[in-house]
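Chains, contacts and geometry: an overview
Okay, here's what each chain looks like letter by letter:
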Amino acid sequence: MVDDMKIGIVGAAGRMGQMCVRQVSEWRGCSVSGATEVTGHEALGRDAGELAGIGNIGVPLKSDSEELVVRADAVIDFTSPAVTESHAHLCMRAGTALIAGTTGLSDDHEAALLEASAKTVIVRAPNMSVGVTLLLALTERVAGMLDDEFDIEIVEMHHRHKVDAPSGTALGLGEAAAAGRAVRLSDVKKTKRDGHTGPRTPGEIGFATLRGGDVVGDHTVVFSGAGERIEFTHKAASRVIFAAGAVRAALWSRGKSPGLYSMKAVLGFED
Ligand code: NAD
């Protein structure tokens with residue numbers, strides 16, 4: 001019989017952190033081995049399960065990231081880019097898998113994850129849900145089937161607290177569309193239109209961002225041709241889908257070779 005997988009949660013008092021504590025506790029085959037929060041956080045010392053509303057699980061919140069990483073088989077991190085980068089270094093040294101859900105990563109942050117993936121398993125996805133992973137795969141496929149006569153626009157809406165735009169998922173969908181067309185997103189990306197913009201540049205991939213209320217995350221990819229339009233929409237009704245995806249990725253990471261993986265690999269949509 002295989003031991004339960006030990007999963008550490010970074011940022012366990014955060015919105016996603018609490019959701020992950022609940023999911024890891026509910027799923028079979030894993031348990032919460034540790035939970036951290038930033039130094040000085042008011043929740044330090046409190047039990048991660050109580051904070052997440054599931055009762056005491058005997059895991060007090062600490063601020064020692066190294067201890068969290070060393071004691072875990074996998075660490076789930078939904079925090080901020082700098083925190084995720086530092087956990088990538090720690091996971092590389094300890095050989096602990098890192099499930100990185102944080103969005104808004106710069107090229108430097110991405111490079112740090114890539115470096116760490118030479119020594120350990122890193123699963124990185126701007127959106128860990130099954131539905132969006134499928135949407136990514138479909139977007140790449142359809143973008144490759146339709147030519148530039150179909151304009152691609154990506155529309156997203158999130159809650160009023162979100163600090164980065166366009167969302168990591170919207171950018172991921174843009175990357176998928178660009179990959180389908182065999183171009184680089186950075187060469188065709190259009191994130192702002194204001195005032196006299198002139199006509200649309202052929203081949204560009206446009207983004208529109210809406211913010212408000214408590215919207216968990218809506219994404220639509222529009223393929224707009226002459227006389228017809230195709231739209232693929234995904235609407236997240238609960239953040240639980242992201243936490244469930246992260247736990248799935250953590251369980252999947254066991255025994256895998258070091259490398260940088262996406263949720264497509266976790267769900268078997270690619271090797
Ligand atoms: P949040 O602000 O509610 O939670 C982040 C938590 O991290 C906070 O509690 C904060 O105190 C803690 N933190 C900060 N520094 C820390 C440190 N050094 N050590 C330990 N904890 C630390 O934010 P959130 O809504 O949970 O989102 C977090 C991130 O996850 C964002 O980047 C968001 O866009 C992303 N996100 C990704 C997905 C996905 O599927 N990939 C889904 C939802 C959110």
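Residues numbered from 1 in each chain as written. Predicted model: local features only at pLDDT ≥ 70, side-chain atom pairs only at ≥ 80, totals over all residues. Heavy atoms only, no water.

As for the sheet that holds strand β6 (residues 121–124)
Hydrogen bonds along the backbone pair up the strands of a sheet, which may run parallel or antiparallel. Read from one edge to the other, the open sheet built from seven strands follows the order β3-β2-β1-β4-β5-β6-β12, with strand pairing classed as parallel. The open sheet terminates on both sides in strands that have one partner only, identified here as β3 (61–62) and β12 (259–261). Pairing between strand β1 (residues 5–10) and strand β2 (residues 30–36): five bridges, direction parallel. Looking at β2, one finds that Ile9 is bridged to Ala35. Contacting β5 (97–100), β6 and β12, helix α5 (residues 107–116) crosses the sheet at an angle of about 145° to β6. (Pairing = 2+ DSSP bridges. Helix = DSSP H or I, 4+ residues; strand = E, 2+ residues; numbered from the N terminus. Contact = heavy atoms within 4.5 Å. Axes fitted to C-alpha atoms, helices over the stretch in contact; angles between N-to-C directions.)

Notes on the nonpolar core
In this structure, Ile9, Val24, Leu61, Ile76, Ile99, Val123 and Met263 are the most contacted members of the largest nonpolar core, which totals 42 residues. A per-element tally of this core places helix α9 (residues 240–253) first, with seven residues. Discounting residues that sit within four places of it in the chain, Met263 has contacts with Val123, Ala125, Asn127, Met128, Thr133, Gly245 and Ala249. Judged by nonpolar contacts, the second largest core, of 20 residues, contains Leu136, Phe150, Leu173 and Ala177. (Core = buried A, V, L, I, M, F, W, Y, C linked by side-chain atoms within 4.5 Å. Buried < 20%, exposed > 50% of the residue type's maximum accessible area, 1.4 Å probe, protein only.)

A look at the domain arrangement of the chain
Domain annotation of the chain identifies domain 1 (5–124 + 239–266) and domain 2 (130–236). Relative to domain 2, the C-alpha centre of domain 1 lies at a distance of 28 Å. With both sides pooled, the region where domain 1 packs onto domain 2 buries about 780 Å², and carbon together with sulfur makes up 60% of that total. Considering only the surface of domain 1 that becomes buried against domain 2, Thr103, Arg239 and Lys264 emerge as the three largest contributors, covering 50% of it. Counting every contact that joins domain 1 to domain 2 gives one salt bridge. At the junction of domain 1 with domain 2, the criterion picks out three residue pairs in polar contact (both at pLDDT 80 or more). When residues of the side of domain 1 that touches domain 2 are traced back to their parent elements, those giving at least two are α9 and α10 (263–266). Sort the elements by how many residues they give to the side of domain 1 that touches domain 2 and α9 lands first, with three residues. For the side of domain 1 that touches domain 2, the class distribution of residues is three nonpolar, two polar and four charged. (Domains from an automatic or database assignment. Buried area = accessible area lost by both parts, 1.4 Å probe. Salt bridge = Lys/Arg side-chain N within 4 Å of Asp/Glu carboxyl O. Polar contact = N/O pair within 3.5 Å; in protein donor to acceptor, adjacent residues only side chain to side chain. Nonpolar A, V, L, I, M, F, W, Y, C, P; charged D, E, K, R; others polar.)

Topic: the sheet that holds strand β11 (residues 228–236)
The five strands are arranged β8-β9-β7-β10-β11 in an open sheet whose pairing can be described as mixed. The open sheet is flanked by β8 (189–190) and β11, the only strands paired with a single partner. As defined by bridge partners, strand β7 (residues 151–158) adjoins strand β10 (residues 217–225) across seven bridges and the pair is classed as antiparallel. Bridge pairing in β10 places Val155 opposite Thr220. Sitting on the sheet, helix α7 (residues 168–180) touches β7, β8, β9 (205–211) and β10, and the angle it makes with β9 is about 165°.

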